[in-house]
Amino acid sequence: IKNFAAAESGVAAIEFAFIFPIMVLLFFCLIDFTGYVSYNRKVAAISGAVADLVSKNRNRVNADTIQTYFAVSGMILKPLAASNVKVRVIGYRKEGTDAVKQWVVESPGSVTCSADPSTTSMVSLMAANNDLVVAQTCMTYTPYIGSFFFNRAGHKFTNTLGPGTFKVEEVVTQRPRSSTILDCY
């Protein structure tokens, strides 16, 4: 027993066996975290670009024109597919002390955005009969490690570690640049 306690010949292999699985898990978690941050930045860029394009219109904007602005989401997301992205552009106008929704244009997409953004903070940004353009972008993110562990067909332990997908959402608010009112037709 004394020789067994003093032996060091297999210590490195045992340490490797303990540490290697933790290092592999940490590696994949970092890949997922950086993927999530990248998706979040892309969603913010899409919201900002679409809100900027819509707010540059003078007095009126066509809904079909806004639909063409949604193409920017595909360009920003490349090489990722834009099929799991939804962009909503909402026009608000101040009437009295409330911001009232005037129009909504949505991009095609299977993702469901959360409810309309809160208008309580918008009122302080608006003067009487002044509009705001709100671009809301939402996207689902499926972690790589999550796609391996979650929702595997034929397994009884689906979603054992938490949600398999996460919703990434961003809202950007801008004033129309060329006029105080922006109607959509």
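Scroll up to find the structure this text is about.
The following refers to the structure shown. (Residues numbered from 1 in each chain as written. Predicted model: local features only at pLDDT ≥ 70, side-chain atom pairs only at ≥ 80, totals over all residues. Heavy atoms only, no water.)

### A short note on the pairing of strand 4 (residues 131-141)
With respect to burial, strand 4 is a largely interior element, 10 of its 11 residues being buried. Relative to strand 4, strand 2 (residues 85-95) is paired through 9 bridges, and the arrangement is antiparallel. Across the sheet, valine 89 pairs through a bridge with alanine 135, a residue of strand 4. Relative to strand 5 (residues 166-174), strand 4 is paired through 9 bridges, and the arrangement is antiparallel. Counted as the bridge partner of cysteine 138 is glutamate 169 from strand 5. (Buried < 20%, exposed > 50% of the residue type's maximum accessible area, 1.4 Å probe, protein only. Helix = DSSP H or I, 4+ residues; strand = E, 2+ residues; numbered from the N terminus. Pairing = 2+ DSSP bridges.)

### What about the state of the cysteines?
Per the stated rule, a full pass over the model turns up 1 disulfide. Between the sulfur atoms of cysteine 113 and its disulfide partner cysteine 138 the distance amounts to 1.8 Å. Here cysteine 113 and cysteine 138 share a disulfide; its torsion about the S-S bond, -75°, makes the bridge left-handed. Taken together, the positions of cysteine 113 in the loop between strand 3 (98-106) and strand 4 and cysteine 138 in strand 4 put the pair 25 residues apart, joining distant regions of the chain. For cysteine 138, a relative accessible area of 0% gives the class buried. (Disulfide = S-S within 2.5 Å.)

### Comments concerning the pattern of salt bridges
Proximity of charged atoms lets side chains of opposite charge pair with each other. Counting across every chain of the model gives 8 salt bridges. Between lysine 86 and glutamate 106 there is a salt bridge whose closest N-O contact spans 3.4 Å. One end of the pair, lysine 86, is in strand 2; the other, glutamate 106, is in strand 3, and 20 residues separate them in sequence. A single network of salt bridges, built from pairs that share partners, joins Lys86, Arg88, Lys101, Glu106 and Asp116. (Salt bridge = Lys/Arg side-chain N within 4 Å of Asp/Glu carboxyl O.)

### Section: the sheet that holds strand 5
Pairing within the open sheet is antiparallel, and its 4 strands lie in the order 3-2-4-5. The strands lining the two open edges of the sheet, one partner per strand, are strand 3 and strand 5. For this sheet, the mean inter-axis angle between neighbouring strands, taken without regard to orientation, is 25°. Strands in contact with helix 2 (residues 11-55) are strand 2, strand 3, strand 4 and strand 5; relative to strand 4, the strand with the most contacts, it is inclined by about 155°. (Axes fitted to C-alpha atoms, helices over the stretch in contact; angles between N-to-C directions. Contact = heavy atoms within 4.5 Å.)

### Observations regarding helix 2
Under the 1.5 Å per step criterion, the end-to-end length of helix 2 is 66 Å for 45 residues, consistent within 8% with the ideal 66 Å. The largest bend in helix 2 amounts to roughly 30° and is located at isoleucine 19, with the proline proline 21 lying one to four residues further along. Listing the buried residues of helix 2 in full gives Asp32, Gly35, Tyr39, Lys42, Val43, Ile46, Ser47, Val50, Ala51, Asp52, Val54 and Ser55. (Expected span 1.5 Å × (residues − 1). Bend = angle between axes of the 7 residues up to and from the residue.)

### So, the side chain of glutamine 174
Considering the arrangement of structural elements, one finds glutamine 174 in strand 5. A polar atom in the side chain of glutamine 174 sits 3.0 Å from the side chain of serine 55. Aside from chain neighbours lying at most four places away, what touches glutamine 174 is Gly48, Ala51, Asp52, Ser55, Leu132 and Val133. (Polar contact = N/O pair within 3.5 Å; in protein donor to acceptor, adjacent residues only side chain to side chain.)

### Some thoughts on the packing of aromatic side chains
Considering all chains together, one arrives at 4 aromatic pairs under this definition. Between tyrosine 39 and tyrosine 141 the ring centres are 4.8 Å apart and the planes differ by 65°, which places this aromatic pair in the edge-to-face class. Of the two residues, tyrosine 39 sits in helix 2 while tyrosine 141 sits in strand 4, which places them 102 residues apart along the sequence. Each member of the pair tyrosine 39 and tyrosine 141 is classed as buried. Put simply, the rings of Tyr36, Tyr39 and Tyr141 touch in pairs and so form one group of aromatic residues. It is arginine 60 that lies over the ring of tyrosine 185; its NZ or CZ is 4.1 Å from the centre. (Phe/Tyr/Trp six-rings, centres within 6.5 Å; stacked < 30°, edge-to-face > 60°. Lys NZ or Arg CZ within 6 Å of the ring centre and 35° of its normal.)

### A few points about the environment of tyrosine 185
Structurally, the position occupied by tyrosine 185 is in the segment after strand 6 (183-184). Sequence separation of tyrosine 185 and asparagine 62 is 123 residues, and the distance between their C-alpha atoms is 5.1 Å.

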